[in-house]
Amino acid sequence: MLTKRIIPCLDIKNGRTVKGVNFVDLKDAGDPVELAIKYAKTGADELVFLDISATEERRKTLIPLVREIAKSINIPFTVGGGISSVEDVQILLQNGADKVSVNSSAVKNPDLINELAAAFGSQCIVIAIDAKQIEGIWRVYLVGGKVATELNLFDWAKEVEQRGAGEILFTSMDNDGTKNGFANEALSQLSNSVNIPIIASGGAGNREDFADAFIEGKADAALAASVFHFQEIEIPELKMFLKNQSIAIRL
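The written sequence of each chain sets the order in which its residues are numbered from 1. It should be noted that, the model being predicted, local features are given only for residues of pLDDT at least 70 and side-chain atom pairs only at 80 or more, the latter also being counted only at that level, while totals for whole chains, interfaces and linings use all residues. Water and hydrogen atoms play no part in the side-chain values, which are based on all heavy atoms of the structure.

K.L.:
I'd like a description of the side chain of N95, backed by residues and values.
P.N.:
For the purposes of this entry, the term helix denotes a DSSP run of H or I that reaches at least four residues, the term strand denotes a run of E that reaches at least two, and both are numbered from the N terminus. The topology assignment puts N95 in the loop between α3 (86-94) and β6 (99-102). Each residue's exposure class comes from its accessible area (1.4 Å probe, protein chains only) as a fraction of the maximum for that residue type: buried when under 20%, exposed when over 50%, partly exposed otherwise. Relative accessible area serves as the criterion here: at 15%, N95 is assigned to the buried category. Under the rule applied, a polar contact is a pair of N or O atoms within 3.5 Å (in protein, one hydrogen donor and one hydrogen acceptor; residues adjacent in sequence only if both atoms are side-chain atoms). Side chain to side chain, N95 and R67 meet in a polar contact 2.7 Å long. Once you skip the residues sitting within four places of it in the chain, N95 turns out to touch I63, V66, R67 and A70. Residue contacts are defined here by distance: any two heavy atoms, one from each residue, within 4.5 Å place the two residues in contact.

Structure (structure tokens):
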């Protein structure tokens, strides 16, 4: 049985870690390098780094910061933000990323997923999907949640799998930063729709929320930010709690 993964997320803006609610009202959450080192030492299974304003500002990801974090940690490291070509991924991998997360560019040019999977292998390609419910239908959003599309979450998830994505990072914009729990119904439907791992994101508020994401949502990994950044939940205690709930977890 594969173990479930706990993944802290560093949302980066202007070189600092930030956190908001429903993708707005960003607050400073600390130095990304210091946080990365702490998480690697305290049992995080992986780390995700998202340069959240790179696409909007039409620039590439912050390479020096990626390089500094990569050399400071010894856990798998996924980087996203402003990726739109094979060359972008090549540079990130050369600077210490293990996987890349692609969102807006994949929607605008779905063939990019095929190209990246062919060049680097599916295991390296995470497709991030930000979505929210509009009149009962889960719609995909781009550019850090600022641009709506007509894409249906579940249809798009199936397409990215067929095109070679190795993993999906699904963020419920409705749940993001609310600490009211993950979007478990949508997560469960996603898990039933595709055969690649799903990372749950958006809504973690307590230890039970993680357990629910794994049990009810059938997620393979759970990602969170503020509850870790502001020491509301410590990863070792969270993992012990999950193990006691008979959830397969790496201690």
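K.L.:
Quick rundown of the environment of F182? Include the residues and the values.
P.N.:
Turning to its location among the elements, F182 is positioned in the loop between β10 (167-172) and α7 (184-193). F182 gets classed as buried once you look at its relative accessible area, which sits at 6%. With 89 residues separating them in the primary sequence, F182 and L93 have C-alpha atoms 30 Å apart. Discounting chain neighbours no more than four positions away, the residues touching F182 are N175, L187, A200, S201, G202, G203, A204, D209, F210, A213, A222 and L223.

K.L.:
Pulling in residues and values, what's your account of the pattern of salt bridges?
P.N.:
Pairing between side chains of opposite charge can happen when their charged atoms approach one another. We define a salt bridge as a side-chain nitrogen of Lys or Arg found within 4 Å of a carboxyl oxygen belonging to Asp or Glu. Tallied over the full model, the rule gives 11 salt bridges. R5 serves as the salt-bridge partner of E167, at 2.5 Å between the closest nitrogen and oxygen. In this pair, E167 sits in strand β10 while R5 sits in strand β1 (residues 5-13), placing the two residues 162 residues apart along the sequence. Put simply, E167 and K99 hold a salt bridge, and the shortest N to O gap is 3.0 Å. Of this pair, E167 sits in strand β10 while K99 sits in strand β6, and the two are 68 residues apart along the sequence. In this structure, E167 and K99 share a single accessibility class: buried.

K.L.:
Pulling in residues and values, what's your account of the packing of α3 against helix α5 (residues 111-120)?
P.N.:
As a rule, the C-alpha atoms of each element are fitted with a line to give its axis, helices using only the stretch in contact, and angles between N-to-C directions run from 0 to 180 degrees. Running from N to C, α3 and α5 point in directions that differ by 40 degrees, and their axes come no closer than 10 Å. Between α3 and α5, the interaxial angle falls into the category oblique. Two packed elements cross with a definite hand, and for α3 against α5 that hand is right-handed. Taken together, the residues of α5 that come into contact with α3 (itself represented by V86, V89, Q90 and L93) are L112, E115, L116, A119 and F120. Each residue is assigned to one of three groups, with Ala, Val, Leu, Ile, Met, Phe, Trp, Tyr, Cys and Pro labelled nonpolar, Asp, Glu, Lys and Arg labelled charged, and all others, Gly among them, labelled polar. In terms of residue class, the contact of α3 with α5 is built from 7 nonpolar, 1 polar and 1 charged. Throughout, the term roughly parallel applies to angles under 35 degrees, roughly antiparallel to angles over 145, roughly perpendicular to angles from 65 to 115, and oblique to all others. We call a crossing left-handed when the near helix sits turned anticlockwise from the far one by less than a right angle, and right-handed when that turn is clockwise.

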